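# Geometric and topological summary
The lines below spell out each chain.
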Amino acid sequence: MSFFKKLFSSDKKETLDKGLEKSKTTFFSKLSKAVAGKSKVDDDVLDDLEEILVASDVGVNTTLKVISRIEKRVAEDKYLGTDELNQILREEIGALLSETNTGEATEFEIPKDKKPYVLMVVGVNGVGKTTTIGKLAYQFKKAGYKVVLGAADTFRAAAIDQLQVWADRVDVPIVRQNMGSDPASVAFDTLQSAVAQNADVVIIDTAGRLHNKVNLMNELTKVKRVMQKVVADAPHDVLLVLDGSTGQNAFEQAKQFTAATEVTSLAVTKLDGTAKGGVVIGISDQFQIPVKYIGVGEGIEDLQVFNKYEFVDSFFK
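Per an unreviewed UniProt entry, the chain is named Signal recognition particle receptor FtsY, and its organism is Flavobacterium bizetiae. Under the heading Catalytic activity (unreviewed entry), UniProt records this for the chain: "GTP + H2O = GDP + phosphate + H(+)". UniProt's Subunit (unreviewed entry) comment on the chain is quoted here verbatim: "Part of the signal recognition particle protein translocation system, which is composed of SRP and FtsY."

Rendered as structure tokens:
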């Protein structure tokens, strides 16, 4: 089918295959049990498939869309063998994702007309936010960009120290103040420093508190407003980091954060340690906010740009 194209290098593809191994194995072991002894795709098989997709954290709404597509295929082809089910799933989920014009990237790139390109990162504590920032800094630097980090999560000393460790490891400058400082002031200083250094990319870490959405909203609004005093249209991207291993909880966090602030892209982490990789398919479909990056391992190279063609190919091959 024309949806699938070979876009990743063999190393990158291997990392993705390995990162989705748990999700894939769990999914297909359930699928083979569901179709055992059956030769054609009938209502029972579709019911089982619906359960498996929901259990794989694809999400109810996205699952219903996939099932409806497969029912249509069954009605058109009259007879569909269960041995074809894998290929059909791959094609229909691929087609569903291709309706969004995102997930096309193959490299870590930024728009050429934004300098510095300001990326503000949000997400609750523990989802891998600081690690994602560190790995992004590494990938952007590797791509030839000059990167500056801003430690605006000033509510936890650990967050500032952890970001400092990544800045040292990747060898990029960081702007930080003491714990308890005003996050907007850190963001302002970071942008001033980035402009003075003629940096290409600025990545701002922010506090990950969701217990009081009003405070979070006010704080992020203030950070944005203060940044705009230095770079008029900052931030250019508000990246929400979600922990893929939490499955449905990741959906919930996406809902809460999109209600609290304008999120423009998503990163889904920790997919290698979980059987819940289907959450990427559901989140990509449901929120219509582009999944830009996925974490498929602990190594510094294991943050990848999300490419829907390669993802579906790895998940269903």
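Turning our attention to the overall build of the chain. Within the chain one finds 12 helices and 8 strands. Taken against the 2.2 N^0.38 rule, which gives 20 Å for 317 residues, the C-alpha radius of gyration of the chain at 21 Å falls within 12% of a compact globule. C-alpha atoms of the chain, sized along the principal axes, occupy 65 × 40 × 30 Å. Counting over 317 residues, the chain shows a buried share of 56%. Across the chain, contacts joining residues at least 24 apart in sequence account for 78% of those joining residues at least 6 apart.

Turning next to the domain arrangement of the chain. The assigned domain composition of the chain is domain 1 (4-99) and domain 2 (117-310). Averaged C-alpha coordinates put domain 1 and domain 2 at centres separated by 31 Å. In this complex, domain 1 contributes 24 residues to the contact, which on the side of domain 2 involves 26 residues. Considering only the side of domain 1, the residues that lose the most area to domain 2 are Phe-8, Asp-57 and Leu-97, jointly responsible for 26% of the buried surface there. Note that Lys-13 and Glu-310 form a salt bridge whose closest N and O atoms lie 2.8 Å from each other. Taken together, domain 1 and domain 2 are joined by 11 residue pairs in polar contact (both at pLDDT 80 or more). Looking at the side of domain 1 that touches domain 2, the elements that each hand over two or more residues are helix H1 (10-19), helix H2 (21-35), helix H4 (60-77) and helix H5 (85-97). A per-element tally of the side of domain 1 that touches domain 2 places H1 first, with 5 residues.

Residues spaced three or four apart along an α-helix face the same direction, because each turn holds 3.6 residues. Among the 9 residues that make up helix H12 (residues 308-316), 9 are buried, leaving the element largely enclosed by the rest of the structure. What H12 keeps buried is the set Lys-308, Tyr-309, Glu-310, Phe-311, Val-312, Asp-313, Ser-314, Phe-315 and Phe-316. At the N-terminal end of H12, a side-chain oxygen is found 3.1 Å from the backbone nitrogen of Tyr-309, two or three residues along, and the residue is Asn-307.

Criteria and thresholds
Residues numbered from 1 in each chain as written. Predicted model: local features only at pLDDT ≥ 70, side-chain atom pairs only at ≥ 80, totals over all residues. Heavy atoms only, no water. UniProt positions renumbered as here; feature names shortened; annotations may be inferred. Helix = DSSP H or I, 4+ residues; strand = E, 2+ residues; numbered from the N terminus. Rg over C-alpha atoms; globule rule 2.2 N^0.38 Å. Buried < 20%, exposed > 50% of the residue type's maximum accessible area, 1.4 Å probe, protein only. Contact = heavy atoms within 4.5 Å. Domains from an automatic or database assignment. Buried area = accessible area lost by both parts, 1.4 Å probe. Salt bridge = Lys/Arg side-chain N within 4 Å of Asp/Glu carboxyl O. Polar contact = N/O pair within 3.5 Å; in protein donor to acceptor, adjacent residues only side chain to side chain.

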